[in-house]
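Here is what each chain is made of, one letter per residue.
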Amino acid sequence: MKGIVEDIYQALLTKEVNTTADFLKWCYYIEDMKQKRIGRQKSERLPNVVPGAAMQDEPDLVSLIRRIVQEEVHRVID
């Protein structure tokens with residue numbers, strides 16, 4: 001296992017690895033699990049979250065928050 005990536009090496013320490021076939025089987029399994037984990041990290045913007053592009057019209061965060069609160073208050077009142 002000389003030269004193997006550290007995270008895979010650590011995962012293989014707890015496995016029964018007696019043959020090259022066992023080694024490859026566990027490496028493929030670990031890599032597959034890593035890919036599945038990476039795929040699930042995608043997220044979408046929540047409907048009540050303001051995109052960063054909206055800040056281009058405001059000089060700072062306080063002004064942006066003030067404008068958003070005012071818009072929401074007007075929306076509720078109307």
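It should be emphasised that the depicted structure is a prediction, and the values quoted were computed from it without experimental measurement.

1. Describing the pattern of salt bridges
Then, number 1: With the rule as written, the count across this model stands at four salt bridges.
Then, number 2: Between Glu31 and Lys34 there is a salt bridge; the shortest N-O distance is 4.0 Å. With Glu31 and Lys34 both in helix α2 (residues 20-39) and three residues apart, this pair spans about one turn of that helix.
Then, number 3: Residue classification places Glu31 among the partly exposed positions, given a relative accessible area of 31%.
Then, number 4: The partly exposed category is assigned to Lys34, whose relative accessible area is 29%.

2. Some details on the packing of aromatic side chains
Then, number 1: One pass over the structure, following the stated rule, counts one aromatic pair.
Then, number 2: Between Trp26 and Tyr29 the ring centres are 5.7 Å apart and the planes differ by 90°, which places this aromatic pair in the edge-to-face class. In this pair, Trp26 and Tyr29 are both assigned in helix α2, three residues apart and thus about one turn of the helix distant.
Then, number 3: Against the face of Trp26 rests Lys15, its NZ or CZ located 4.8 Å from the ring centre.

Conventions adopted
Residues numbered from 1 in each chain as written. Predicted model: local features only at pLDDT ≥ 70, side-chain atom pairs only at ≥ 80, totals over all residues. Heavy atoms only, no water. Salt bridge = Lys/Arg side-chain N within 4 Å of Asp/Glu carboxyl O. Helix = DSSP H or I, 4+ residues; strand = E, 2+ residues; numbered from the N terminus. Buried < 20%, exposed > 50% of the residue type's maximum accessible area, 1.4 Å probe, protein only. Phe/Tyr/Trp six-rings, centres within 6.5 Å; stacked < 30°, edge-to-face > 60°. Lys NZ or Arg CZ within 6 Å of the ring centre and 35° of its normal.

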